[in-house]
Amino acid sequence: MSSATTSASGGRPVLAPPPDATEPVRHPDAPAPGTPLGPHYDQCFGCGDDQPYGLHLAVRAGEGVGVTAEFTVRPAHQGAPGLAHGGVLASALDETLGSLNWLRRVIAVTGRLESDFLRPVPVGATLHLSARCTAVAGRKMYASAEGRIGGPQGPVAVRAQALFVEVGVSHFTSNGRPEEIRAAMSDPDQVKVVRAFEVGP
Ligand SMILES: CCCCCCCCCC(=O)SCCNC(=O)CCNC(=O)[C@H](O)C(C)(C)COP(=O)(O)OP(=O)(O)OC[C@H]1O[C@@H](n2cnc3c(N)ncnc32)[C@H](O)[C@@H]1OP(=O)(O)O
């Protein structure tokens, strides 16, 4: 295995939780299973309604620290003729995985995302995604996701493993372009303000 996929100590794969990792805990105020989470930020490429070429991913809370989502591939998402671009599919996995943090009420960003592309995904197909947090160790959250085509029980087309790292709001306010930060902070809808910064856009 290459050094890019193993830890500095012990040769453990970087996406394998350490021995002292704990079970993820669903926040008591997390939305009930089946509840749509809605866009966390209107301009988010993954879920925002104001991104004409975005994925418009519709994520729902699942059981425990788990979510499900659907993404329908549109012509703007092509890589090869008639087929979804791999980076777009990785974005759909990333967005679905990122939504897990909302169920934990933790602000976290993607540190590492490893994707497997198992089947081509045609334009017009709906990717049925599911993601689950598998472990937590300090600021690190470990999670996995998969996307099936032809229905929620169809064959797996893509899958991913990821590590999210907990951050403070200053991660966004200090690093984001000031005009978007100002606009997001001044939204009269305070729920939107909170959600824009609860998880990494
Ligand atoms: C309903 C809501 C829906 C929301 C959906 C949103 C989905 C979209 C999510 C995203 O795409 S977020 C945007 C993409 N990600 C970024 O822009 C993050 C850019 N990277 C950073 O800002 C920093 O590198 C990061 C915050 C991830 C880490 O920097 P820090 O200085 O805060 O932490 P540090 O480097 O000390 O790492 C903390 C721990 O994580 C580990 N770590 C960090 N990056 C890693 C990595 N890439 N691979 C493996 N481990 C990593 C690191 O080894 C360490 O482990 P230990 O605690 O055991 O020492």
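Calculation notes
- Residues numbered from 1 in each chain as written.
- Predicted model: local features only at pLDDT ≥ 70, side-chain atom pairs only at ≥ 80, totals over all residues.
- UniProt positions renumbered as here; feature names shortened; annotations may be inferred.
- Helix = DSSP H or I, 4+ residues; strand = E, 2+ residues; numbered from the N terminus.
- Rg over C-alpha atoms; globule rule 2.2 N^0.38 Å.
- Buried ≥ 20, exposed ≤ 12 C-beta atoms within 10 Å, placed from the backbone.
- Contact = placed C-beta atoms within 7 Å.
- Pairing = 2+ DSSP bridges.
- Core = buried A, V, L, I, M, F, W, Y, C linked by C-beta atoms within 7 Å.
- pLDDT = per-residue confidence, 0-100.

Per an unreviewed UniProt entry, the protein is named Acyl-coenzyme A thioesterase THEM4, and its organism is Streptomyces polygonati. Check the Sequence similarities (unreviewed entry) section of the UniProt entry for the protein; it says "Belongs to the THEM4/THEM5 thioesterase family."

Mind showing me how you'd approach the overall build of the protein here?
Per the secondary structure count, the protein includes four helices and six strands. Scanning the protein from its N terminus toward the C terminus, one meets helices and strands in the order β-β-α-β-β-β-β-α-α-α. Against the globule reference of 17 Å for 201 residues, the protein gives a C-alpha radius of gyration of 17 Å, in line with a compact fold. Seen along its three principal axes, the alpha-carbon backbone of the protein occupies a region of about 45 × 40 × 35 Å. Considering the protein as a whole, with its 201 residues, one finds that 33% of them fall into the buried category. Counted over contacts in the protein with a minimum sequence separation of 6, partners at least 24 positions apart contribute 64%.

Sorry, what's going on with the pairing of strand S4 (residues 126–137) here?
If a strand is regular, its side chains alternate between the two faces of the sheet. Where strand S2 (residues 66–72) meets S4, seven bridges bridge the pair, whose relative direction is antiparallel. The partner of Val 67 across the bridge, within S4, is Ala 131. The pairing of S4 with strand S5 (residues 140–149) spans ten bridges and is antiparallel. Considered in S5, the bridge of Leu 129 is made with Gly 147. Counting the residues between successive antiparallel strands, the hairpin from S4 to S5 contains two residues, one of them, Gly 138, with a positive phi of roughly 60°.

Mind showing me how you'd approach the nonpolar core here?
Across soluble globular proteins, nonpolar side chains show a tendency to be buried alongside one another. Core analysis: the biggest nonpolar cluster contains 45 residues, and Ala 92, Leu 97, Leu 100, Leu 127 and Ala 143 have the highest contact counts within it. Going through the elements one at a time, strand S1 (58–61), S2, helix H1 (86–104), S4, S5, strand S6 (156–166) and helix H4 (190–198) are the ones with two or more residues in this core. Looking at this core, the element that brings in the most residues is H1, giving eight residues. Setting aside chain neighbours within four positions, we find Ala 143 in contact with Leu 97, Leu 100, Ala 131, Arg 132, Cys 133, Thr 134, Ala 162 and Phe 164.

Got a minute to help me understand unusual backbone geometry in this structure?
With phi around 50°, His 56 is a residue other than glycine that occupies positive phi space. Secondary-structure assignment places His 56 in the segment before S1. In this model, Arg 105 sits at a positive phi of 55°, which is unusual for a non-glycine residue. With respect to the helices and strands, Arg 105 occurs in the loop between H1 and strand S3 (108–117).

Help me out: how do you make sense of the confidence of the model for the protein in this one?
Where the model shows low pLDDT, its predicted coordinates should not be examined in detail. Across the protein, the average pLDDT comes to 92, with 93% of residues at 70 or higher. This prediction of the complex comes with two scores: 0.93 for pTM and 0.97 for ipTM.

I tried to follow the pairing of S6 on my own but got confused; where do I start?
Bridge count for S3 against S6 is nine bridges, and the pairing is antiparallel. Residue pairing across strands places Glu 114 opposite Gln 161, the latter belonging to S6. Here S5 pairs with S6 via nine bridges, running antiparallel. Bridged to Ser 144 within S6 is Gln 161. Here S5 folds back onto S6 in antiparallel fashion, the turn holding six residues, of which Gly 150 has a positive phi close to 85°.

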